[in-house]
Amino acid sequence: MAGRRVADAYRRKGVGATLVEALADDFGCQIADVSWSTPISEAGRRLAHRISPEGIWIS
């Protein structure tokens, strides 16, 4: 999923969160265990903090 982003037209509609949830499910881990890679956009950072309020891993 590196380098992927949700198109502006679909922002704030749950598409990004659904993709991250599917990724975590495929790997058999919790959403909090998903690592975000740099560079991370401001929108990506907001998404990460919204779906993992305890904090995020940035690699």
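Residues numbered from 1 in each chain as written. Predicted model: local features only at pLDDT ≥ 70, side-chain atom pairs only at ≥ 80, totals over all residues. Heavy atoms only, no water.

Draft legend 1. The arrangement of the overall build of the protein in detail. From N to C terminus, the protein includes two helices and two strands. The linear arrangement of helices and strands in the protein, starting from the amino end, is α-β-α-β. Looking at the protein residue by residue over its 59 residues, the buried ones come to 24%. Intrachain contacts of the protein at a sequence separation of at least 6 include 24% that bridge at least 24 residues. Of the roughly 4,500 Å² that the protein leaves accessible, carbon and sulfur atoms contribute 53%. (Helix = DSSP H or I, 4+ residues; strand = E, 2+ residues; numbered from the N terminus. Buried < 20%, exposed > 50% of the residue type's maximum accessible area, 1.4 Å probe, protein only. Contact = heavy atoms within 4.5 Å. Areas by Shrake-Rupley, 256 points an atom, 1.4 Å probe, with all protein chains shown as cover.)

Draft legend 2. Local environment of the confidence of the model for the protein. Summary statistics for the protein give a mean pLDDT of 81 and a share of 86% for residues scoring 70 or more. When mean pLDDT is taken per element in the protein, helix H1 (residues 15–27) scores highest with 90 and strand E2 (residues 57–58) scores lowest with 80. (pLDDT = per-residue confidence, 0-100.)

Draft legend 3. Examining H1 more closely. The end-to-end C-alpha distance of H1 is 19 Å, a good match for the 18 Å that 13 residues give at a rise of 1.5 Å each. Its buried side turned inward, H1 meets strand E1 (35–36) and helix H2 (42–51). (Expected span 1.5 Å × (residues − 1).)

Draft legend 4. Focus on unusual backbone geometry. That bond from Thr38 to Pro39 is cis: its omega, 0 degrees, falls within 30 degrees of zero. Relative to the helices and strands, Pro39 is located in the loop between E1 and H2.

Draft legend 5. How the structure looks around the nonpolar core. If you look at the biggest cluster of nonpolar residues, it comprises nine residues: Ala17, Val20, Ala24, Val34, Trp36, Ile40, Leu47, Ala48 and Ile51. Here Trp36 is in contact with Val20, Gly44, Leu47, Ala48, Ile51, Ile56, Trp57, Ile58 and Ser59, once residues within four sequence places are set aside. (Core = buried A, V, L, I, M, F, W, Y, C linked by side-chain atoms within 4.5 Å.)

Draft legend 6. Representation of H2 within the structure. All of the buried residues in H2 are Ala43, Gly44, Leu47, Ala48 and Ile51. The buried residues of H2 occupy one face: seen down the axis, they fall within an arc of 135 degrees. Next to the buried residues of H2 lie H1 and E1. (Arc of directions from axis to C-beta.)

Draft legend 7. Structural context of the side chain of Ser52. Along the polypeptide, Ser52 turns up in the loop between H2 and E2. At 2.8 Å, the side chain of Ser52 forms a polar contact with the backbone oxygen of Gly55. (Polar contact = N/O pair within 3.5 Å; in protein donor to acceptor, adjacent residues only side chain to side chain.)

Draft legend 8. View of the environment of Ile31. Residue placement: Ile31 occurs in the loop between H1 and E1. As a C-alpha pair, Ile31 and Glu21 span 10 residues in sequence and 6.3 Å in three-dimensional space.

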